[in-house]
Amino acid sequence: RDMENAVTFTLNGMAKWLGRKPDRHSGGTNDKLSECISYLASKDFISVSGKIGNASESDAVIDMEKISDECDNDMFAVIYLDELRKILSHDIKSADQTLLVFAWLRMRIIKRRNKLFPEENVHDSHEKNVSERRMKFPEAYDCYCYEIADEIGISARMASKAIDILNELEMIYSEQLPKTSKDGKWQTNRTIFCNMYKRENGSLLASGKDYYMQEIENKKKKIRRYAGKSN
């Protein structure tokens with residue numbers, strides 16, 4: 001997009017950028033892209049001028065104010081272009097499902113505010129204040145894999161495969177909690193997910209094992225505390 005949030009596009013060009021072959025048949029890639037564009041326009045995220053064409057150029061203007069309002073009111077996640085390309089270049093056959101799972105997890109792994117609130121400065125040691133905030137708000141999320149599958153409309157097998165790919169690409173780290181016994185029967189427990197790195201406005205704020213394993217451990221402690229209270 002340009003400085004005025006406008007973009008000129010063709011369906012063929014969009015398909016190629018996404019690593020797909022343009023397909024003009026009914027229900028093909030071009031049709032699906034056209035439906036997505038029409039949907040975004042119906043929700044007022046963009047306004048489109050000119051007929052949406054396969055090879056003929058159309059213009060769209062992105063309503064950044066509308067997007068900002070939506071981000072303030074609803075859960076929202078940022079996926080960077082290099083992350084998108086990484087997923088698309090790994091395995092084009094499973095890219096759609098992997099991207100959906102990644103977006104779902106990225107949206108639910110809530111990032112902590114960088115600066116402490118005044119009321120959080122309760123100790124003389126800044127490091128201790130920061131440590132307590134990390135314990136209280138771990139940047140990790142726990143759920144069952146089937147919950148991901150149900151919400152985004154794919155099979156549990158595809159969701160599991162997508163999670164494996166995201167681990168392999170070093171984008172998401174996941175760790176399944178130990179199985180538990182209930183009424184003499186062992187049952188699968190929840191899985192904890194964490195970003196393998198933390199980015200904001202394109203800048204890398206944290207990365208590596210020291211980052212995500214600490215977040216996972218803090219999440220485990222928080223789960224154990226809640227479990228103890230419920231018992």
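Scroll up a little and you will see the structure.
No experiment lies behind these values; they were computed from the predicted model shown.

Enquirer: Where do I start with the nonpolar core in this structure?
Expert: For soluble globular proteins, nonpolar side chains are generally found buried alongside one another. Formed by 34 residues in total, the largest nonpolar core has its most connected members in Val101, Leu105, Ile148, Leu166 and Phe193. Of all the secondary structure elements, the ones that give two or more residues to this core are α4 (81-90), α5 (95-108), α7 (145-152), α8 (156-168), β5 (172-176), β8 (191-195) and α9 (209-230). For this core, the element with the most residues is α8, which contributes six residues. Ignoring anything within four residues of it in the chain, the contact list for Leu105 reads Ile148, Leu166, Ile172 and Phe193. Core analysis: the second largest hydrophobic core is formed by seven residues, Phe9, Leu33, Ile37 and Ile46 among them.

Enquirer: Sorry, what's going on with the side chain of Arg108 here?
Expert: The residue Arg108 is located in helix α5 in this model. Exposure remark for Arg108: the relative accessible area of 12% places this residue in the buried category.

Enquirer: Even after reading the chapter, I still don't get the packing of α5 against α7, so can you show me in this structure?
Expert: Between α5 and α7, the shortest axis-to-axis distance is 11 Å and the interhelical angle comes to 110°. Between α5 and α7, the angle is such that the two are roughly perpendicular. Of the two elements, α5 crosses α7, and the hand of that crossing is right-handed. Contact with α5, carried on its side by Leu100, Val101, Trp104, Leu105 and Arg108, involves Ile148, Glu151 and Ile152 of α7 and no other residues of that element. Looking at the contact of α5 with α7 residue by residue, the class counts come to six nonpolar, no polar and two charged.

Enquirer: Help me out: how do you make sense of the packing of α7 against α8 in this one?
Expert: To describe two helices that pack against each other, one gives the angle between their axes and the distance between the axes. Orientation of α7 relative to α8, taken along the N-to-C sense of each, is 110°, at an axis distance of 8 Å. With respect to their mutual orientation, α7 and α8 come out roughly perpendicular. The element α7 and its partner α8 pack so that their crossing is right-handed. Counting all contacts with α7, which are made through Cys145, Ile148 and Ala149, the residues of α8 involved are Ala156, Ala159 and Ile163. Here the contact of α7 with α8 is composed, by residue class, of six nonpolar, no polar and no charged.

Quick notes on the rules
Residues numbered from 1 in each chain as written. Predicted model: local features only at pLDDT ≥ 70, side-chain atom pairs only at ≥ 80, totals over all residues. Heavy atoms only, no water. Core = buried A, V, L, I, M, F, W, Y, C linked by side-chain atoms within 4.5 Å. Buried < 20%, exposed > 50% of the residue type's maximum accessible area, 1.4 Å probe, protein only. Helix = DSSP H or I, 4+ residues; strand = E, 2+ residues; numbered from the N terminus. Contact = heavy atoms within 4.5 Å. Axes fitted to C-alpha atoms, helices over the stretch in contact; angles between N-to-C directions. Parallel < 35°, antiparallel > 145°, perpendicular 65-115°, else oblique. Left-handed = near helix turned anticlockwise from the far one by under 90°. Nonpolar A, V, L, I, M, F, W, Y, C, P; charged D, E, K, R; others polar.

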